[in-house]
Amino acid sequence: MTGFEAPRLNGHRPAIGAVIERVDSRGKHIEIGWDDGTILHTHMRMTGSWHLYRPGERWRKNTRSMRAVIEVEGFEAVCFNAPVVETFQAKDFAHHPGRRAVLGPDLCDPDVDVAECVQRIPQFCDESTTAAELLLDQRVASGVGNVYKSEVLWACGVHPLTPVAALDVDTRRALWETAGAFLRANLDQPTRTTLPGSAEGVAVYGRYGKPCYRCGTTVEVRRHGEQSRVTYWCPLCQQRQDPLVPAWARADAPTPVDLVTARDRRRPPPVVFDDTGDVSGPIDPADVVPALERHPASQALLAGFQPRGPEPIFVDPLLAREPETAKAPDDEGGDDATGAVS
């Protein structure tokens, strides 16, 4: 190393002349190790990035955003906007919180164990976690960012709001395999491409209001998740799926019910009513399922309604037929004003 600069460094500076032995990435954690035992740890989070330049080449970001510069013969590596820039000794870094953080397998690794990623899902996600949130959870698998999230979901035909409970094992595996393939395909190029041949290089990300490359439907966008990250998707290609619900739990209940009771309850089949005016037969009250469960909450709801009687009968006198009156014998065949009213 011929030069080092880090205006906001937390820790000691590596020595000029030390040899860089390794550069590793663990999700958004970047580790650079020197032969003197110094390790530079930068966490990219949502804003950080590393660039590689030739000496004298113009930087693509403002110098005020610079957080670290490492110079070697023929190159300089520049870190921009990383919230965490710190150094440790190798013997101490094993105890650093960033190292101890629970990170899933790195999808950039060509030998990544996708089965382990699938197995980690129940450990860190509940059934209501959406597919979009799942892909961004670095505890399950590390490496997927916001752009790849939308692109992977589109490639696999999964709606971003589909809950994890609706994803079968094959779909979960396909998500991680696709994500790994996208990440590894873009490791050695400065631009990000997930759909070769497309005008933007991507399928849906940043293409709100434009036609889907697969079906032509207009691409949608919304903010979603704990950090309100933007998500793009095709509403036709990516149909939202619902979790499989046992038959006993699918009964419509306007208020909470005891699941054990609901599971054991045997409901009679619904009564078919003939609304054509003809009575289809006698109805046994025991066969009629009440509209609301006998539950305190439903009873409180019903108590707020005032009972109503039958609608009053109103007859417009101008449209009513006047009663017929007896006609005199000598009026037969004549015009009867009374009888002409209809």
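Residues numbered from 1 in each chain as written. Predicted model: local features only at pLDDT ≥ 70, side-chain atom pairs only at ≥ 80, totals over all residues. Heavy atoms only, no water.

### Quick word on the sheet that holds strand β1 (residues 3-5)
Across the sheet, which stays open at both edges, the four strands sit in the order β1-β6-β7-β5 with antiparallel pairing between neighbours. The two strands at the open ends of the sheet, each matched to only one other strand, are β1 and β5 (49-53). In this sheet, neighbouring strand axes are inclined to one another by 15° on average, regardless of whether the strands run parallel or antiparallel. Where strand β6 (residues 66-72) meets strand β7 (residues 75-80), six bridges bridge the pair, whose relative direction is antiparallel. Within the sheet, the bridge partner assigned to Ala-68 lies in β7 and is Cys-79. (Pairing = 2+ DSSP bridges. Helix = DSSP H or I, 4+ residues; strand = E, 2+ residues; numbered from the N terminus. Axes fitted to C-alpha atoms, helices over the stretch in contact; angles between N-to-C directions.)

### Considering the environment of His-224
Note that His-224 resides in strand β9 (residues 220-224). The exposure class assigned to His-224 is buried, which follows from its relative accessible area of 14%. For the pair His-224 and Glu-133, spaced 91 residues apart in sequence, the C-alpha to C-alpha distance is 8.3 Å. Once you skip the residues sitting within four places of it in the chain, His-224 turns out to touch Thr-130, Ala-132, Glu-133, Pro-160, Leu-161, Arg-229 and Thr-231. One polar contact links His-224 to Thr-130, side chain to side chain, over a distance of 2.7 Å. (Buried < 20%, exposed > 50% of the residue type's maximum accessible area, 1.4 Å probe, protein only. Contact = heavy atoms within 4.5 Å. Polar contact = N/O pair within 3.5 Å; in protein donor to acceptor, adjacent residues only side chain to side chain.)

### Some thoughts on the nonpolar core
Inside soluble globular proteins, nonpolar side chains tend to come together where they are buried. One finds Leu-107, Leu-134, Val-144, Leu-175 and Trp-176 to be the most contacted residues of the largest nonpolar core, which totals 27 residues. Only α3 (114-124), α4 (131-136), α5 (146-156) and α6 (169-185) provide two or more residues apiece to this core. Beyond its immediate sequence surroundings of up to four residues, Leu-107 is in contact with Val-112, Cys-117, Ala-141, Ser-142, Val-144, Trp-176, Ala-179, Gly-180, Leu-183 and Arg-184. (Core = buried A, V, L, I, M, F, W, Y, C linked by side-chain atoms within 4.5 Å.)

### With respect to a nonpolar patch on the surface
Taken together, Ile-20, Val-23, Leu-52, Val-72 and Phe-75 make up a surface patch of nonpolar side chains, about 400 Å² in accessible area. Looking at the element boundaries, Val-72 is found in strand β6. Val-72 sits in the partly exposed class, given a relative accessible area of 31%. (Patch = residues over 30% accessible without salt bridge, like charges linked within 9 Å, V, L, I, M, F, W, Y side chains within 5 Å. Areas by Shrake-Rupley, 256 points an atom, 1.4 Å probe, with all protein chains shown as cover. Salt bridge = Lys/Arg side-chain N within 4 Å of Asp/Glu carboxyl O.)

### What about the pattern of salt bridges?
This structure, assessed with the given rule, holds seven salt bridges. Arg-120 is paired through a salt bridge with Glu-116; the nearest N and O atoms lie 3.4 Å apart. Of this pair, Arg-120 and Glu-116 both sit in helix α3, separated by four residues, roughly a single helical turn. Notably, a salt bridge pairs Glu-177 with Arg-173, separated by 2.9 Å at the nearest N-O pair. Here Glu-177 and its partner Arg-173 are both found in helix α6, four residues apart, which amounts to about one turn of the helix. Look at Glu-177 and you get partly exposed, because its relative accessible area is 37%.

### Regarding the environment of Trp-154
Counting through the fold element by element, Trp-154 comes out in helix α5. A sequence separation of 58 residues divides Trp-154 from Cys-212, and the C-alpha atoms of the two residues are 9.8 Å apart. Beyond its immediate chain neighbours, meaning those up to four positions away, Trp-154 contacts Leu-195, Ala-203, Val-204, Cys-212, Arg-214, Cys-234 and Gln-238.

### As for the packing of α3 against α6
Two quantities define a packed helix pair, namely the angle between the helix axes and the distance between the axes. At their nearest, the axes of α3 and α6 sit 9 Å apart, and the two run at 125° to each other. In terms of their interaxial angle, α3 and α6 are classed as oblique. Remark: the crossing between α3 and α6 carries right-handed chirality. When α3 is examined against α6, the residues Val-114, Ala-115, Cys-117, Val-118 and Ile-121 are found in contact with a partner set consisting of Val-169, Arg-172, Arg-173, Trp-176 and Glu-177. Considering only residue class, the contact of α3 with α6 consists of seven nonpolar, no polar and three charged. (Parallel < 35°, antiparallel > 145°, perpendicular 65-115°, else oblique. Left-handed = near helix turned anticlockwise from the far one by under 90°. Nonpolar A, V, L, I, M, F, W, Y, C, P; charged D, E, K, R; others polar.)

This is a description of form; function is not addressed.
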